[in-house]
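# Chains, contacts and geometry: an overview
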Amino acid sequence: MGTKQKREEKSYPYSPMAIATAIAICSSPSQYSPALSSFQTTPSLKTLNHPPLLLPPSPSSTFVLVSDDDAVVAAAAAEAVALASAAVEAARAAVWAAGEAGEEEGGGCRVVRVRRRRRKRRRGVEKWDGEEVHEVSFGAARSAVLTPREEAEFCLCLKEEAGLEAARRRIAETREHEPTSNQWAEAVGIKRSSLDKMLCNGRESRERINQSYRRLVVSIAARYQGKGLSLQDLIQEGSIGLLRGAERFDPDRGYKLSTYVYWWIRQAIVRAIANKSRIIRLPGSICEMVAKIAEARTVLSRRLRRLPTYDEIAEFIDVNVSTVRLVSERSRTPISVDQAVTSQGCMTLQEIIPGPDETTPEKMVKRQLMKQEVERALNTLCEREAYILRLYFGLNGETPLSFEEIGRLMKLSRERVRQINSIALSKLRETSVVDYLNLYMM
């Protein structure tokens, strides 16, 4: 505004008194016009000896001879008209400047103040009045961008809410139940009304931050589309990272909140893709290797004009061939066994894919009958002999034990356990039950 006023003063050299006089003359022509028309002056010594003046030709007449008195009257009138036109132009410029100043008062001046504050903050001069902000005003947002003071206030509210939540979790772990509001307020040393106000401020701050930086979250999430998660899920994970970064934001360092939370949003989206994009989660190192292998396969396919082999990919990214093969096999997309094979949907993969040999019905029945015959054979022995055979051969479903381990369990020597085992096997060979067991060995 100061520069505009200076420019206007330079462009209009007339004094304010002259402009006011000209406006008065133009506004009341009835007062000044007769004086101008019948203006009589006493000729001076200079004008008495001067010849008549010759005015320039007008459209109505060719030449007009003007006397000295008429010349003085015409000069005064010309000066008055010039002053009046200058006054009108100055008034128009003043009205235009006033209107422009009124329009830019809420935007331009505010932008200038924000820029000056930003420069001071970058130099580490501004300190947010040197005290904590406890009173926060959540009025209607004038614009989508938060001011530095609003960023500091909202982040402080989020930090206070995070501290209250941590205290509530500690109380719940100690008392093994969720605390009431009175117990919560008493544990943190504040009043119930103050606790409710801090929680309300935290919720309002979270909503304002999400609303103000939603476009930033969407712009970052849009870059990771097509990697296993929908755009809505990516935006949700980015919003979680935004709030997590806002809780740890320190305005005294001189950074903007958008610059600080950018990396938190990106980290939250990348971790969500690694943990939730697959049915079977892969470790972080495997996910990074999958990306490298996919990029190498794309480059080699374009260069060789065919699908590259595992050896070529391993040589390109400088890793072992076994690593490339393992990562390629583990990164395959799982297929549901209930997936329909035909277009009519009358047959699924579960019906046509055979299972392992151990799960066939014939094998399961054969194993069950063999267990029954073994139990019949062990029942012919004494209890200690049967127990030693079960431990030595692992017939009870556990890992087989050596003679020394069995001796420690039964408080016998290794040699005595071996003798009991030999005696039990010789008894089983003499029984007729062994003939039924030989049928399963064929």
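Check the entry above for the structure.
Residues numbered from 1 in each chain as written. Predicted model: local features only at pLDDT ≥ 70, side-chain atom pairs only at ≥ 80, totals over all residues. Heavy atoms only, no water.

## Observations concerning the packing of helix α14 (residues 310-317) against helix α15 (residues 321-330)
It is the contact of α14 with α15, at a shortest axis distance of 8 Å, that shows an interaxial angle of 110°. When the axis of α14 is compared with that of α15, the two are roughly perpendicular. The interaxial crossing formed by α14 with α15 has right-handed handedness. In this structure, α14 contributes Tyr310, Asp311, Ile313, Ala314 and Ile317 to the contact, and α15 contributes Val321, Val324, Arg325 and Ser328. Split by residue class, the contact of α14 with α15 holds six nonpolar, one polar and two charged. (Axes fitted to C-alpha atoms, helices over the stretch in contact; angles between N-to-C directions. Helix = DSSP H or I, 4+ residues; strand = E, 2+ residues; numbered from the N terminus. Parallel < 35°, antiparallel > 145°, perpendicular 65-115°, else oblique. Left-handed = near helix turned anticlockwise from the far one by under 90°. Contact = heavy atoms within 4.5 Å. Nonpolar A, V, L, I, M, F, W, Y, C, P; charged D, E, K, R; others polar.)

## Things to note about unusual backbone geometry
Phi at Arg305 is positive, roughly 60°, even though this residue is not glycine. As for its placement among the helices and strands, Arg305 is situated in the loop between α13 (284-304) and α14. The backbone of Lys411 sits at a positive phi, close to 60°, despite the residue not being glycine. Relative accessible area serves as the criterion here: at 78%, Lys411 is assigned to the exposed category. (Buried < 20%, exposed > 50% of the residue type's maximum accessible area, 1.4 Å probe, protein only.)

## Some details on helix α19 (residues 403-410)
Along α19, the residues that are buried comprise Phe403, Ile406 and Gly407. Viewed end-on, α19 has its buried residues packed into an arc of 105°, placing them on one side of the element. In α19, those exposed residues whose orientation departs by more than 90 degrees from the buried face are Arg408 and Leu409. Downstream of α19 by a residue or two, Lys411 has a phi angle that is positive, lying close to 60°. (Arc of directions from axis to C-beta.)

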